[in-house]
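Summary of structural features
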Amino acid sequence: MKHAKYLCPTVFVVALLFGGPFGARAQTGITLLAPNPTRVALDKILPNFQAKTGYRVRVTYGGARTTTQRVAHGEPLDVSLVVAPVTGALTSGTVVTGSMTLVASYQTAVAVPKGAPKPDISTAAAVKKALLAAKSIGYEDPEFATAGQGPAEAIKNLGIADQIAAKSKVCANNTTYSPNSVCFDPAGTGGASSVRTTQKGLFSGDIDIGMLYLSDILPDQDKMAIVGVLPRQIYTPTGIVGFISIHASDPTAARTLLQYLVSPDPQAIFKEAGFEPHR
């Protein structure tokens, strides 16, 4: 019994560190896979989540296409944010299909060179008029970048693809895989353009109207003029969908994170960063 009086305080300290609910959570790490453009929002959201719940989150960022591929190939991350379409993730057998949650969506915005008049884009008819009047139009190639999905869909729905082909600059701007990325004329008449990216074309004035993710161009709004977001009647915002892995080390922790991402405070941060909040 000589050491008994020293034993209890020691056990109490250990219990405080590891035995309590918060202590147990502090030992739990959640791995998260997310597309690169969400970093600005998540850098603000995740510290709040960790302070509130005690769960630690380790994030791996990647391109929109590559994150989808990693999930489809069974990357063992607890929670994954996948850019639509998500068919590959659903059929991969690597995610809990019932956990599918729309977290936020990329919005396609219209921008013009700084100082240029801002066209009316409030309706489908107004967007059509603006695109037909523009001398040059820039957007991402949907075959290479998810940012091109919205513009391509809008142009198709407006029925003006043939009319604007000769003045369109469709860009493959993924500098990770194509350091010499360039914008091309899809009509095949102009060859390669001197414009290297849609953003730089807007900076220089070589592109009259650009259509890009709002979240991508907000950091450069001092170099261009953001007109607004395309009307929902002509395109569908590109969803960012969350899934829990079937191999999640702590499914409860993973579910807690996914549910937190669609709660009001994080959604306000996503909106501030240029994303359409969860509906």
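Rules of the game
- Residues numbered from 1 in each chain as written.
- Predicted model: local features only at pLDDT ≥ 70, side-chain atom pairs only at ≥ 80, totals over all residues.
- Heavy atoms only, no water.
- pLDDT = per-residue confidence, 0-100.
- Contact = heavy atoms within 4.5 Å.
- Helix = DSSP H or I, 4+ residues; strand = E, 2+ residues; numbered from the N terminus.
- Polar contact = N/O pair within 3.5 Å; in protein donor to acceptor, adjacent residues only side chain to side chain.
- Core = buried A, V, L, I, M, F, W, Y, C linked by side-chain atoms within 4.5 Å.
- Buried < 20%, exposed > 50% of the residue type's maximum accessible area, 1.4 Å probe, protein only.

1. Side note on the confidence of the model for the protein chain
On average, residues of the protein chain score 84 in pLDDT, and 81% of them reach the 70 mark or higher. Across residues 175-180, where pLDDT falls below 50, the model places three contacts with residues more than four positions away in sequence or in other chains. Under a pLDDT of 50 for its full length, residues 188-193 has, in the predicted model, nine contacts with residues more than four places off or in other chains.

2. Side note on the side chain of Ser-99
Among the structural elements, Ser-99 can be located in the loop between α5 (87-92) and β4 (101-106). One polar contact links the side chain of Ser-99 to the main-chain amide nitrogen of Ile-244, over a distance of 2.9 Å. The contacts of Ser-99, once residues within four sequence positions are left out, are Gly-242, Phe-243, Ile-244 and Leu-258.

3. Considerations on the nonpolar core
Among the nonpolar cores identified, the biggest contains 33 residues, and Ile-30, Leu-32, Leu-42, Ile-45, Leu-81, Leu-257 and Phe-270 are the most heavily contacted of them. Among the elements of the structure, β1 (29-35), α3 (39-53), β2 (56-62), β3 (79-83), β4, β11 (238-244), α11 (251-261) and α12 (264-272) are those that each provide at least two residues to this core. Element by element, the count of residues in this core is highest for α11, at six residues. Setting aside its immediate chain neighbours within four residues, Leu-42 contacts Leu-32, Ala-34, Pro-47, Tyr-61, Leu-81, Leu-261 and Phe-270.

4. Digging into unusual backbone geometry
Most of the time, phi is negative for any residue but glycine, and the peptide bond is trans. Between Ala-84 and Pro-85 the backbone carries a cis peptide bond, its omega angle lying at 5°. Within the secondary structure, Pro-85 is located in the loop between β3 and α5.

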